[in-house]
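# Topology and contacts: notes
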Amino acid sequence: MTIQGARTAVAGFLVLVFTASGLSAAELMVRVVDRTAGAPPLPVLEVMLQPSPEGKSKGSRTAKTNARGVALFSKLKAGADIQYSAEVTYKGVKYDSGSIRLTEKKKTTTVELPVYETTTSPDALTVPAQHTLLRPRRGFLEVREIYLFQNRTDRTYVGTREVQPGLRSVLEFPLPKGFTKLQLNEGLMSCCVIKQNNRLIDTMELKPGRRVVRFQYLIPSSSRLSFRPAVVANTDQYNLLVSPALKVTNVSGLRDAGEFKAGAEAFHRYDARGLTPDNSASIEIFGIPGVRPSLLRPFSLVF
C-alpha cells in the first residue's frame with residue numbers, strides 16, 4: 001500500500017469511528033459583542049470554552065478574539081450528548097454563553113457572547129416589585145423578602161463603595177437586630193454575600209436585565225413589632241402579605257388591599273406604589289403565638 005493509500009485508509013477509519021459513536025468534528029465561532037451603545041469590536045480577549053455539566057465532553061480550551069471580536073475553536077466533538085459553554089472576563093466581570101450544543105449536521109456554529117461596559121451609578125438600579133411575607137412561628141416572626149431587581153441600562157452595575165479589598169457593594173439589605181436563621185433562597189450566592197453591621201451585602205454585579213432575590217429570617221417575638229418596609233432602591237410596587245393568624249394595627253403609608261391568595265395560602269395584603277428607601281410607611285404586628293405575658297415587651301422591626 002502506498003503512503004497516500006495509507007492516509008486515505010486512516011481518514012476513512014476515523015470517519016467510521018466518529019459515525020459509529022455518534023460523534024463528528026465541528027468548529028465553533030464565539031463572537032464577543034459589546035452591547036453598550038457605541039462600543040467597538042473587542043479584539044485580543046481570551047475566551048474559555050469548557051464542557052457543560054450536562055454534556056459528556058471533557059477538557060477546557062482557550063482562544064483569543066481576532067480584530068472582529070471572534071474566537072475560533074476547531075476540531076470539537078459534536079453530537080447529541082456534547083455540550084459546551086463559553087466564558088470571557090471583561091473589565092473584571094465574567095460573562096458566559098449558556099449551554100452550546102454542536103450538531104453533526106452543521107460544520108460551523110456561531111454564537112454571540114454579549115458583554116457590557118460598567119457603571120458605578122446607582123441610577124442603573126430599580127425595583128419593579130418587592131414582596132414581604134410575614135408569618136407566625138411559635139416564639140418567632142418569620143420574614144420572607146422577595147425583590148425583583150432590574151437594570152434598565154446597557155451597562156453592568158458594579159456597585160458604589162468598596163466593602164473589602166476588590167469587592168464592591170452592589171445590593172444592600174438591612175436586617176433587624178436579633179435576627180436568626182437567615183436563609184438565602186434565590187439570586188444570592190454564599191460566595192458573594194457579606195454580613196456586616198446588620199446588613200446583608202451582595203457583591204455580585206448586576207448585569208442589564210432582571211434578577212430575582214429571595215431570602216428569609218426569623219425575629220424573636222414580643223408583644224408588638226413595629227415594621228417598616230426594607231426598601232433598598234426606588235420601588236414601583238410594594239406588597240406586604242400578612243398571615244391572618246397575626247393581628248395588625250397602626251397602618252401608615254400602606255393601602256389595605258384586602259385578601260390575597262398565594263397558592264392554597266391566604267394573606268391580608270397591604271401595598272404601596274413609588275416607595276423610596278427613606279419612606280415612612282409602617283405597620284404594627286401583634287398576636288404572635290408562643291410569648292409568655294410576663295415577657296411581653298415592645299420590639300422594633302424598623303430598618
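The coordinates are above.
Residues numbered from 1 in each chain as written. Predicted model: local features only at pLDDT ≥ 70, side-chain atom pairs only at ≥ 80, totals over all residues. Heavy atoms only, no water.

## Description of the overall build of the protein
- Along its length, the protein carries one helix and 26 strands.
- Within the protein, the fraction of its 303 residues that count as buried is 41%.
- Considering only intrachain contacts with a sequence separation of at least 6, the fraction spanning at least 24 residues in the protein is 72%.
- A total accessible area of about 16,200 Å² is found for the protein, and carbon and sulfur atoms account for 52% of it. (Helix = DSSP H or I, 4+ residues; strand = E, 2+ residues; numbered from the N terminus. Buried < 20%, exposed > 50% of the residue type's maximum accessible area, 1.4 Å probe, protein only. Contact = heavy atoms within 4.5 Å. Areas by Shrake-Rupley, 256 points an atom, 1.4 Å probe, with all protein chains shown as cover.)

## Here we look at the packing of aromatic side chains
- All told, the structure shown has eight aromatic pairs when counted by the stated rule.
- Ring geometry for Tyr147 and Phe149: centres 5.5 Å apart, planes at 10°, overall stacked. Each member of the pair, Tyr147 as well as Phe149, carries the same accessibility label: buried. (Phe/Tyr/Trp six-rings, centres within 6.5 Å; stacked < 30°, edge-to-face > 60°.)

## Points about the pattern of salt bridges
- Per the counting criterion, the structure on display carries 14 salt bridges.
- Asp236 serves as the salt-bridge partner of Arg152, at 3.6 Å between the closest nitrogen and oxygen. Here Asp236 lies in strand E21 (residues 235–242) and Arg152 lies in the loop between strand E11 (140–151) and strand E12 (155–157), a separation of 84 residues in the sequence.
- Asp236 gets classed as partly exposed once you look at its relative accessible area, which sits at 38%.
- One connected set of salt bridges, linked through shared partners, spans Arg135, Arg137, Glu142, Arg144 and Glu265. (Salt bridge = Lys/Arg side-chain N within 4 Å of Asp/Glu carboxyl O.)

## Observations regarding the sheet that holds strand E23 (residues 255–262)
- Spatially, the seven strands line up as an open sheet ordered E16-E19-E11-E10-E21-E24-E23, and their pairing is mixed. The outermost strands of the open sheet, each flanked by one partner alone, are strand E16 (180–186) and E23. Going from strand to strand, the sheet's axes swing by 20° on average, the running direction of each strand aside.
- The sheet contact formed by E21 and strand E24 (residues 265–275) spans seven bridges and is antiparallel. Within E24, the position partnered with Leu240 by the bridge is Tyr270. (Pairing = 2+ DSSP bridges. Axes fitted to C-alpha atoms, helices over the stretch in contact; angles between N-to-C directions.)

## Brief notes about the pairing of strand E6 (residues 93–96)
- Only one face of E6 is covered, namely the one carrying Val93 and Tyr95; the face carrying Lys94 and Asp96 has none of its residues buried.
- Two strands pair when backbone bridges link them, and strand E5 (residues 83–90) and E6 are joined in this way by four bridges, in the antiparallel orientation. The residue bridging Tyr90 from the neighbouring strand is Val93, located in E6.
- Hairpin connection, E5 to E6: the antiparallel pair is bridged by two residues, and Lys91 has positive phi, about 55°.

## Quick look at the sheet that holds strand E17 (residues 193–195)
- Spatial strand order, E15-E18-E17: three strands in an open sheet with antiparallel pairing. The sheet terminates laterally at strand E15 (171–174) and E17, the two strands that pair on one side only. Across the sheet, the mean angle from the axis of one strand to that of its neighbour is 20°, orientation sign disregarded.
- Sheet topology places E15 next to strand E18 (residues 199–202); four bridges connect them, and they run antiparallel. Looking at the pairing, Glu172 lines up with Ile201 of E18.

## Some remarks on the state of the cysteines
- Scanning all chains against the criterion turns up zero disulfides.
- Considering cysteine sulfurs only, Cys192 is the nearest to Cys191, which forms no disulfide, with 3.0 Å between them. (Disulfide = S-S within 2.5 Å.)

## A closer look at the nonpolar core
- Counting residues in hydrophobic clusters, the biggest one holds 38 residues, and the most contacted among them are Leu134, Leu141, Phe149, Phe173, Val213, Phe215 and Leu240.
- If you list the elements that add at least two residues to this core, you get strand E10 (125–137), E11, E15, strand E19 (209–220), strand E20 (224–227), E21, E24 and strand E25 (282–286).
- With 27 residues, the next largest nonpolar core counts Leu28, Tyr84, Ala86 and Val111 among its residues. (Core = buried A, V, L, I, M, F, W, Y, C linked by side-chain atoms within 4.5 Å.)

## A look at the side chain of Arg135
- Assignment of secondary structure puts Arg135 in strand E10.
- Among the residues examined, Arg135 registers a relative accessible area of 12% and is labelled buried.
- In this structure the side chain of Arg135 is engaged in a polar contact, spanning 2.8 Å, whose partner is the side chain of Glu265. (Polar contact = N/O pair within 3.5 Å; in protein donor to acceptor, adjacent residues only side chain to side chain.)

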